Every structure is written in structure tokens, then in C-alpha cells.
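Fold and contact review
Residue strings, one per chain:
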There are 2 protein chains.
Amino acid sequence: MSEEMQWPTRAAKAAAKRAAREAAREAARALREEVRRAVPEPPWWSAPRRGGRQAPLTRDAIVDAAVRLLDRGEGLDSLSMRRLGEELGTGPGSLYWHVRNKEELLDLVFDRLIGEQLPLPAPKPARWQQQVKDIARRALDVLFERPYIAEISIGRFPVGPNALEWTEGVLAILRAGGVPDREAAWGVHLLTTYFTAFAFETQTGLKTPEGEARPEEILERIHAHFHALPRERFPNIADLADELTRGDMDERFEFGLDAILAGLAAAASAARAPRKRPRRG
Amino acid sequence: MSEEMQWPTRAAKAAAKRAAREAAREAARALREEVRRAVPEPPWWSAPRRGGRQAPLTRDAIVDAAVRLLDRGEGLDSLSMRRLGEELGTGPGSLYWHVRNKEELLDLVFDRLIGEQLPLPAPKPARWQQQVKDIARRALDVLFERPYIAEISIGRFPVGPNALEWTEGVLAILRAGGVPDREAAWGVHLLTTYFTAFAFETQTGLKTPEGEARPEEILERIHAHFHALPRERFPNIADLADELTRGDMDERFEFGLDAILAGLAAAASAARAPRKRPRRG
DNA sequence: ACTGTGCTAGAACACCGTTCGAGTTCTGAA
DNA sequence: TTCAGAACTCGAACGGTGTTCTAGCACAGT
């Protein structure tokens, strides 16, 4: 019970301790280095064990390397513990001292990227809807830029410190705009689900049985398939083949975003003027 | 170019051919069986090669077994080519004659389940909104019953025959209700994305670093974590901890569903009475 | 009776996440 | 300064994954 509640403070304390320790170690290493330069070792002595690695293994360094790996490669599959170990000049097993799991590593990567990429404006009640839209658009930009984030995010309740800060900020904006509590809470979830799923479905994860292909190619193929469908059986799909597979992503995104915001705004105004059950009128 | 456009007809032809072939083989087998029963073989002869398997390996039989496996186990991980082979009394390699890929297998499973589980009503223009809601609720029911479907569906453009029929039906309902073309096309996508992502996020895929856990447990833990947060830094999350983690799923689902439908309805009425640019007024 | 096609079995390949034990290095107290 | 214990690294190994390949069997058509 108290175990899992401790982890942020535990992590903070551990981080402080680790930082101090590392500074001391760095000083010691500098001294040793100097000595070694002054008095050469016999050449048959083995080279220092950690030949290739510059930075020592740290939680942060591991997350750094993971992000580097993901940015370089394509898709979440680019990140494996083995490759990550290689990137850091060590084996996969060594990582498990600093990170419980691959799952936990992904948690950390996710939170790191939220913190770096998703700053939040202070709530300005008058234009809260515009603010929310801006936030969602910004999020979608990030998700299109780094599609793997959608893959990490999609089944993950955001509980890291940066994610919490972000959630807190969005909640503040919604409530400042007059959205009642329940709807504000649901709204945050709805928004994040929306832009994550949107990015995932249109960009990240378009699976197809025939190997690698860019999303546009897949959609183009589907478009051709829709066009070739027998019109008497699939009149609507045939008619709307273009709209189904080709529509401008920004417009499409905006369509759903508007709907969500309209829903939130309706809840806000219903709360402001609660006359006679506005529902099921 | 013509390669990939052929696949539906190719599949259809292949299916017909295979069916005919199989019928013939079945007849032959029956005859052989009869002969064998009449004239007993010497007991030292080896048993027929395919000892354990009753049904011959077929695309359909494979999909059957895959669904069986997924229903029995929990999560998409329950389905591996090895286990599937075992279920069918053979090795994993044999499956690849009938199925190009695991990806393709999942395509087939997905489409099979759509066909079985998602019948569609004929469009009744007067109550199109109600119809759409019913469809979405039905879909969510199915997704909650078989959570792995969400996992399969989430990055997959539905192009199988049953999926097409479903899409066609929903499009028909929307257009019959007066929703203009673009919005109808986007609406189908929006709806499927919504209920799939909703099911996935609340039921299927809640990942957590600490091993297996039911969704409710995870949410309960998060709830405790939110309650323990410093109130001066996270006032909104602390206030809304309940709403963020505990809300009744049906109500929550309805909230987003209403928003989507309101958006579609707005598009429909705007198209019906197109006075003076209803947007950005 | 023979040949070629359809299909299967099973080993093998190259990965994957994770665990474990032995070994090293470092820290802090005696 | 010494020394026990903690912190950390390393490498091999385990049991799993999707997929490919080759040899071979069973059967249909000639």
C-alpha cells in the first residue's frame, strides 16, 4: 500500500543521492586520470574495462539513449533492450539494474517527452476553448513528428510527473472555463484519447499484411480497392472513396475536435444556467 | 500495380477453387474410410500420419482455431503461431501455406468477428441518430466482451468483406439522415476510432510496469496515488481524482458519443439549411 | 504407372524480454 | 587503513516469438 505511493519521493531522494555520489565519483575519476597520465602503465595491462562507453549508466542516460534510438529508427520496434544496451556500450542485462522493466522504461520515455514537448499555457478563462484547441493541435503535431509516442501512449494512463503537470494544466483551463467537474475530468481523457487514437490510426500503426509501407501508400492502395468495388453492392463506399481515404488530416482532426469542444461548452453553459433539466428535453 | 488490386477477386476465386477441391477430397476420404473399415489393416502398420487432427488445415479452420485460442486465453498474446499450430495438431510452419502472415491472420480474425458480432439494421432516416448510437453501444459491448478485438482493430483499416459491409451500412444510415458526404465519411472513422480507443484505453491495454493486473486494480492504485498528491501543486487532480479514475464507463462513453452525434447532426442541419456560412459566425 | 502439384512436418534462423550468478568497483564505518 | 557490504556490470542462458526453408508425403491428371 505505502510501497507504490512512495515512488515519487523515493525517486527524488534517490536522484539527489545519486547526483551527489556521481559528483564525488567524477572527482575521483579525474584525479585517477591525472595520475595515470603522469605515470604510464605497463602496456600489457588490460585497457580500462568500460572501453567504449563515455557516460556512465544512469536512468537518465538510459532514457536519453532510448529516445535517441527511437528517433533514429522507425516505430516502437526500433527499441529493444539489446539494441539499447548496444547503444550504451553494454549488454541488455545491465539495464535492469536501473529500470525494472521495458514497460517502466517506456513510462519514463513517455513522461520525458511530455515534459520536453508539451508546455502548457496559463489558463485564460475568456478564451479557454481556443486554448484547448491549441493544446490538442500541438499534441497532434508532436504525435505526427514522433509517431512512436502514440504507440507508447495508447494504453498508458499518464501518471508520470510531467504528465500529471500537463493534466493538471488542462483541468485548470477547463474548470476556469466553467466546465463542471465530471465533464472536465472526462474531457481530458476524451481529448487525450482522441488525439492519440487519431494519430495512431492515421499515421503510426496502419498495419497491413504486406510488409513495410508508408501510411500514404497503404491508404492509396485502399482507395484503389474502394474504387474497384461493385457499385451496386457498395454504393456509399464507392461514392465516398475519396473522403474515406484521402481527406485532409487537419480538417478531419478539426471536425472531431470541434465536436468534443462543443460537448464541453454545452456542459459548461448548462452548468451556468441550470434551468429545468436541459437533458432529454 | 495490378498485383494488389487483384486480391479480393483472387481470394474469391481461390476460395471457390478450394471449396470444390475440398469437397472432392472429402468424398475420396469417405470412400477410403469405408474400405478401411471393411478390410482391417495389419496392426503393425503405422497410424495415419495426421494422427490427432480431425479437420484438415484450412484457412477457415485456422481462423476458427485462432478465435478459439483468443477466447480461451486473455489478451492478444494468447495467440502465437506456435500455440495455434499446436491447437491444430501441427507445427507453426504449416500455417504459412494458408496464411501469408500473422498480420493477415489477424485481418481474417478481425473480419470474421465483425461479421459474426456486428449485424446492422436497415437505415430508418427518421431515427438515424438513435440507430447510430445503438450501433456504437453494440460495438462497445462486443469490445468489452472480447477485449482483444480492440487490440487487433486499433491500427487496422477495416477492409475485409464484413467490415466493408458494416461501413457501407453505417454510411447509408448517416447519409439517409442527411449528413453530408465528407462528414459522413469522417463520422464513420470517428465513431470506430472512438469506441475502439475507448475500449482499448479503459479495458484492454492498461499497461503498468508491475506485471499482470486487472484494469480495476490499476485504476484503484492510480486513484490512491492521485489522492496522495500534494494539494497545493495539483489542486485539480486532487479534487477530481474520483472522476478521473472511477467514473461509470457507460456514462462516460455516452458523453463522447453524444458529442460526436451532435457534431454530425449539426453538419446535417447545416447542409439542410445552408444560410450564410454557419461556420466562424 | 508416373509426374507434378498441393500440402505438411520439422528443423533452423534471428530476434525478443528477462533472469541469474559471478565478478568487479566503490562507500562508509571501524 | 582496512574491510564488509552495497552498488553496479557483465555475459551467458532460458524460454519465448515470427518466419523461412527443405525434404518429403499424398494425391490428381495424364
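Every chain's residues receive numbers from 1 upward, in the order its sequence appears when written. Both sets of labels track the order of writing: A upward for chains, 1 upward for ligands. For a predicted model such as this one, the threshold for reporting local features is a pLDDT of at least 70, and the threshold for listing and counting side-chain atom pairs is 80 or more; totals across whole chains, interfaces and linings nevertheless cover every residue. Only hydrogens and water are removed before side-chain values are computed, so all heavy atoms of the structure are retained for them.

1. Remarks on the packing of aromatic side chains
Formally: Between 30 and 60 degrees the pair is tilted, below 30 it is stacked and above 60 it is edge-to-face, where a pair is any two Phe, Tyr or Trp rings, Trp via its six-membered ring, whose centres lie within 6.5 Å. Counting from the N terminus, the helices are the DSSP runs of H or I reaching at least four residues and the strands are the DSSP runs of E reaching at least two. A 1.4 Å probe rolled over the protein chains alone gives each residue an accessible area, and that area as a share of the maximum for its type sets the label: buried under 20%, exposed over 50%, partly exposed in between.
Applying the stated criterion across every chain, the model contains 12 aromatic pairs over all chains. Between Tyr-194 of chain B and Phe-198 of chain B the ring centres are 5.9 Å apart and the planes differ by 55°, which places this aromatic pair in the tilted class. Of this pair, Tyr-194 of chain B and Phe-198 of chain B both sit in helix α9 (residues 181-204), 4 residues apart, which is roughly one turn of that helix. The buried category is assigned to Tyr-194 of chain B, whose relative accessible area is 8%. Among the residues examined, Phe-198 of chain B registers a relative accessible area of 6% and is labelled buried. Following the ring pairs from residue to residue traces out a cluster consisting of Tyr-194, Phe-198 and Phe-253 of chain A.

2. Overview of the packing of helix α6 (residues 128-145) of chain B against helix α13 (residues 249-272) of chain B
All names here are of chain B. Stated precisely, the cut-off is as follows: In this description, a line fitted to the C-alpha atoms serves as the axis of each element, helices being fitted only across the stretch in contact, and the angle between N-to-C directions of two axes falls anywhere from 0 to 180 degrees. Left-handed describes a crossing whose near helix is turned anticlockwise from the far helix by less than a right angle; the clockwise case is right-handed. We call two residues in contact when some of their heavy atoms are within 4.5 Å. Here the nonpolar group is Ala, Val, Leu, Ile, Met, Phe, Trp, Tyr, Cys and Pro; Asp, Glu, Lys and Arg are the charged ones; every other residue, Gly included, is treated as polar.
Contact geometry of α6 with α13 gives a least axis separation of 11 Å together with a crossing angle of 145°. Seen from above, α6 lies across α13 with right-handed handedness. Touching Trp-128, Gln-129, Val-132, Lys-133, Ala-136, Arg-137 and Leu-140 of α6 are Phe-253, Glu-254, Leu-257, Asp-258, Leu-261, Leu-264, Ala-265 and Ala-268, all from α13. Of the residues belonging to the contact of α6 with α13, the class tally is 10 nonpolar, 1 polar and 4 charged.

3. Some words on α13 of chain B
Because each turn of an α-helix spans 3.6 residues, side chains separated by three or four positions end up pointing in the same direction. Selection rule: Expected span of a helix: the number of residues minus one, times 1.5 Å. Polar contacts here mean pairs of N or O atoms no more than 3.5 Å apart (in protein, one a potential hydrogen donor and the other a potential acceptor; neighbouring residues in sequence count only if both atoms are side-chain atoms).
When the terminal C-alpha atoms of α13 of chain B are compared, their 34 Å separation across 24 residues agrees well with the 34 Å that a helix rising 1.5 Å per residue should span. Its side-chain oxygen at 3.2 Å from the backbone nitrogen of Asp-250 of chain B, Asp-248 of chain B defines the N-terminal cap of α13 of chain B.

4. A closer look at the interface of chain A and chain B
This is how the line gets drawn: For any pair of parts, buried area is found by adding up, for both, the accessible area (1.4 Å probe) each one loses once the two are put together. Here, a salt bridge means any Lys or Arg side-chain nitrogen found within 4 Å of an Asp or Glu carboxyl oxygen.
On the chain B side, the residues contacting the 68 residues of chain A number 68 residues. Roughly 6400 Å² of surface becomes buried between chain A and chain B when both sides are summed, with 67% attributable to carbon and sulfur atoms. It is Trp-186, Pro-209 and Phe-255 of chain A that lose the most area in chain A upon contact with chain B, and together they represent 12% of the buried surface on that side. Applying the counting rule to chain A against chain B returns 8 salt bridges. Two residues, Asp-239 of chain A and Arg-175 of chain B, come together in a salt bridge whose shortest N-O distance is 3.2 Å. Counting the contacts that link chain A with chain B gives 22 residue pairs in polar contact (both at pLDDT 80 or more). Looking at the side of chain A that touches chain B, the elements with two or more residues in it are α1 (2-5), α5 (102-117), α8 (161-176), α9 (181-204), α10 (215-227), α11 (235-239), α12 (241-245) and α13 (249-272) of chain A. It is α9 of chain A that contributes the most residues to the side of chain A that touches chain B, 16 residues altogether. Here the side of chain A that touches chain B is built from residues that sort into 32 nonpolar, 15 polar and 21 charged.

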